[in-house]
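Notes for the structure review
If you want the building blocks of each chain, they are given just below.
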Amino acid sequence: MRQLALFGQSESGGAIGFGPERARIEARFAPIMREELALGRLVSYVGNKSVPLLRLYRYKEAFSLGFVEEFIRRFLLDGDDYILDPFCGMGTTLVAAMKRQVPSVGIDKLPLATFVADALIRLAALEPGVLYATYDKLRARVADAEPARVAGDVSIMKVAFVPEILEILRKWKSVIDDLETPLREVFLLLFFSILEPCSYTSKDGQFLRLRRDKPVADPGEVLGRKVMEAERDLRLFRQVIGDVRLAPRPEIITGDARALGDMGFDRPPTAVITSPPYANRYDYTRTYSLELCFHFVRNFEELKALRFGILRSHIESRVEENERPPHPAIEELVDALESQGRDLNNPRIPHMLTAYFVDMRQVIRQLGAVLAPGAKVAMVVDNVRFGGELVPVDLVLCEMAEEFGFKVTEVIVARYKGNSSQQMGKYGRVPVRESVVVWEKDR
Ligand SMILES: C[S@@+](CC[C@H](N)C(=O)[O-])C[C@H]1O[C@@H](n2cnc3c(N)ncnc32)[C@H](O)[C@@H]1O
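Residues numbered from 1 in each chain as written. Predicted model: local features only at pLDDT ≥ 70, side-chain atom pairs only at ≥ 80, totals over all residues.

Topic: the overall build of the protein
- Along the backbone of the protein there are 16 helices and 12 strands.
- Against the globule reference of 22 Å for 443 residues, the protein gives a C-alpha radius of gyration of 22 Å, in line with a compact fold.
- Taken over the C-alpha atoms alone, the protein extends approximately 70 × 50 × 40 Å along its principal axes.
- Intrachain contacts of the protein at a sequence separation of at least 6 include 76% that bridge at least 24 residues. (Helix = DSSP H or I, 4+ residues; strand = E, 2+ residues; numbered from the N terminus. Rg over C-alpha atoms; globule rule 2.2 N^0.38 Å. Contact = placed C-beta atoms within 7 Å.)

Structure (structure tokens):
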């Protein structure tokens with residue numbers, strides 16, 4: 001087996017921030033760590049660009065259907081199993097489970113995510129042609145509609161749109177709101193997917209960027225095109241995935257993965273295929289703020305409540321006085337970041353890392369409590385690097401899993417990512433793993 005971890009030196013010869021605790025866990029897990037770079041394409045959303053329906057809404061933190069199918073195969077799951085995705089996002093795991101006729105349940109704290117997951121499944125069950133007919137009816141009513149309420153006090157809403165376009169979008173939202181289920185949910189999903197092209201925003205990289213030079217699309221036209229894409233995908237989906245009306249319908253819950261004990265599962269899940277938020281400062285409530293402001297929150301206060309209610313992987317995450325890094329490697333890392341006086345580009349990073357690992361430990365504890373004996377877990381995680389210090393998120397989570405009754409069977413490196421250009425410029429280029437950690441619950 002090729003030596004995977006690089007200790008001591010970066011590709012460009014600079015020193016890697018890596019203390020003895022991190023060296024210890026790297027050495028400990030080295031025998032079960034292997035590369036499988038063919039999975040690299042599957043751990044990101046890119047693999048879904050060819051999947052009908054899933055490509056209609058760009059939830060860019062998703063993994064691909066092929067990834068989930070691969071692990072359903074590897075874990076030998078069938079109709080007697082019950083798959084849990086505690087961070088289900090747009091529901092990729094749930095759709096793959098339906099395709100393979102395995103019952104499943106998905107949880108996500110972001111109401112937009114569970115809405116999208118549910119709407120996609122509703123869309124897959126529609127009769128072809130219904131969307132065209134509904135679109136024509138809506139188009140006839142939109143000019144006279146009363147604009148829907150939006151969370152207009154959120155600052156991005158004040159700058160993201162040309163005022164006339166915002167008015168038209170609010171009218172479309174209003175006529176869609178009047179539809180009955182499931183067309184209401186399906187049209188809202190299509191509507192959410194046009195907010196980016198109809199605005200000056202762009203979901204690039206880590207943030208929702210404002211790009212004033214961007215051409216802005218006409219809502220009615222772009223929604224019409226989306227309807228055509230959805231009709232086409234509906235037909236293709238039936239050919240590629242099958243008729244979801246014949247598959248077990250997943251349960252979808254807007255809830256917190258840190259409180260799985262409260263979910264009242266029908267029976268203990270026998271497998272988990274998931275990907276949590278990464279410890280990379282990413283804030284879902286910012287990237288998806290337009291969607292949230294149009295439908296899920298009434299004002300900035302409610303948006304803030306969502307921001308502080310999700311897993312603490314972003315920079316504004318609050319840490320309680322009594323919270324400490326919950327693992328020796330994280331303690332070492334936080335000390336290194338705080339005490340070496342590194343010029344961190346944000347002094348809140350150590351707090352975020354503490355909070356992130358406290359939260360993930362709680363999620364793993366809960367998984368240990370709710371899963372069936374022998375349950376298998378595949379979790380995609382990204383390592384990160386701040387102030388030159390490497391954070392082996394994958395291995396720290398593995399040691400936490402051992403604490404709560406799991407055996408770590410594999411750490412599969414799916415791909416290596418570079419660092420931010422800022423990190424590279426300052427500390428040298430060091431490959432950072434994106435891994436699939438595989439665990440089995442004790443029997
Ligand atoms: C990497 S994404 C998962 C994407 C998913 N695999 C898919 O294919 O769409 C992580 C998800 O965790 C969700 N999340 C954040 N905090 C959460 C929490 N406390 N409980 C459950 N889900 C949470 C985010 O909203 C996001 O959808």
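So that's the structure; there's more coming.
What to know about the environment of Glu196
- Looking at where Glu196 falls in the secondary structure, it is placed in the loop between helix H8 (183-195) and strand S4 (201-204).
- Discounting chain neighbours no more than four positions away, the residues touching Glu196 are Thr201, Ser202 and Lys203.

Quick look at the pairing of S4
- Bridge count between S4 and strand S5 (residues 207-210): 4 bridges; the pairing is antiparallel. Looking at S5, one finds that Ser202 is bridged to Arg209. (Pairing = 2+ DSSP bridges.)

Points about the packing of helix H1 (residues 20-29) against helix H13 (residues 328-339)
- Where H1 meets H13, the axes come as close as 8 Å, and the angle between the chain directions of the two elements is 145°. H13 is crossed by H1, and the crossing has left-handed handedness. Across the interface between the two elements, Glu21, Arg22 and Ile25 from H1 touch Pro328, Ala329 and Glu332 from H13. (Axes fitted to C-alpha atoms, helices over the stretch in contact; angles between N-to-C directions. Left-handed = near helix turned anticlockwise from the far one by under 90°.)

Considerations on the site of the ligand
- Every one of the 24 residues lining the ligand counts as a neighbour, but Ala62, Phe87, Gly89, Thr92 and Leu110 are closest to it.
- Classifying every residue of the shell around the ligand by side-chain character gives 16 nonpolar, 3 polar and 5 charged. (Near = placed C-beta within 6 Å. Nonpolar A, V, L, I, M, F, W, Y, C, P; charged D, E, K, R; others polar.)

Some words on the environment of Asp442
- Here Asp442 lies in the segment after strand S12 (432-441).
- Of the residues examined, Asp442 has 12 C-beta atoms within 10 Å and is grouped as exposed.
- In this structure, the C-alpha to C-alpha distance between Asp442 and Glu402, residues 40 residues apart in sequence, is 9.6 Å.
- Beyond its immediate stretch of four places on either side in the chain, Asp442 contacts Pro373, Gly405 and Lys407. (Buried ≥ 20, exposed ≤ 12 C-beta atoms within 10 Å, placed from the backbone.)

Quick word on helix H3 (residues 92-99)
- The buried fraction of H3 amounts to 7 of the 8 residues, a majority that puts the element mostly inside the structure.
- Along H3, the positions that sit buried rather than exposed are Thr92, Thr93, Leu94, Val95, Ala96, Ala97 and Met98.
- Buried residues belonging to H3 abut helix H2 (65-74), strand S2 (83-85), strand S3 (104-108), helix H4 (111-124), strand S6 (251-254) and strand S7 (271-274).
- Downstream of H3 by a residue or two, Gln101 has a phi angle that is positive, lying close to 60°.

Brief notes about the nonpolar core
- Formed by 138 residues in total, the largest nonpolar core has its most connected members in Val116, Leu120, Leu189, Leu397 and Val437.
- Ranked by the residues each element gives to this core, the list is headed by helix H14 (residues 349-370), at 11 residues.
- Residue contacts for Leu397: discarding those within four places in its chain leaves Met360, Ile364, Val381 and Val437. (Core = buried A, V, L, I, M, F, W, Y, C linked by C-beta atoms within 7 Å.)

Here's the deal with the sheet that holds strand S1 (residues 33-35)
- Read from one edge to the other, the open sheet built from 8 strands follows the order S1-S11-S12-S8-S7-S2-S3-S6, with strand pairing classed as mixed. Each of the sheet's edge strands pairs with one partner strand only, and the pair in question is S1 and S6. This sheet shows a mean twist of 20° between the axes of neighbouring strands, independent of strand direction.
- With 10 bridges joining them, strand S11 (residues 406-417) and S12 adopt antiparallel strand pairing. Along S12, the bridge assignment pairs Lys407 with Glu440.
- Its contacts with the sheet place H4 against S3 and S6, and it is angled at close to 165° to S6.

Structural notes on the environment of Arg139
- Summarising the element assignment, Arg139 is placed in helix H5 (residues 130-142).
- On the basis of neighbour count, Arg139 is assigned to the partly exposed category, with 15 C-beta atoms found within 10 Å.
- Sequence-wise, Arg139 and Val175 are 36 residues apart; in three dimensions their C-alpha atoms are separated by 8.8 Å.

Details of the packing of H14 against helix H15 (residues 393-403)
- Between H14 and H15, the shortest axis-to-axis distance is 9 Å and the interhelical angle comes to 40°. On the basis of their axis angle, the class for H14 and H15 is oblique. Here H14 runs over H15; the crossing is right-handed. When H14 is examined against H15, the residues Phe357, Met360, Arg361 and Ile364 are found in contact with a partner set consisting of Val396, Leu397, Met400 and Ala401.
- Tallied by class, the residues present in the contact of H14 with H15 amount to 7 nonpolar, no polar and 1 charged. (Parallel < 35°, antiparallel > 145°, perpendicular 65-115°, else oblique.)

Some remarks on unusual backbone geometry
- Cis peptide bonds are those with omega within 30 degrees of zero, and the linkage from Thr181 to Pro182 qualifies with 5°.
- Inspection of the secondary structure puts Pro182 in the loop between helix H7 (163-177) and H8.
- If you check the backbone angles, Leu53 has positive phi at about 70° while not being a glycine.
- Position of Leu53 relative to the elements: it lies in the loop between S1 and H2.

Regarding the confidence of the model for the protein
- This prediction gives the protein a mean pLDDT of 92; 93% of its residues lie at or above 70.
- Contacts from residues 1-14, a stretch scored under 50 in pLDDT, to residues over four places away or in other chains number 25 contacts. (pLDDT = per-residue confidence, 0-100.)

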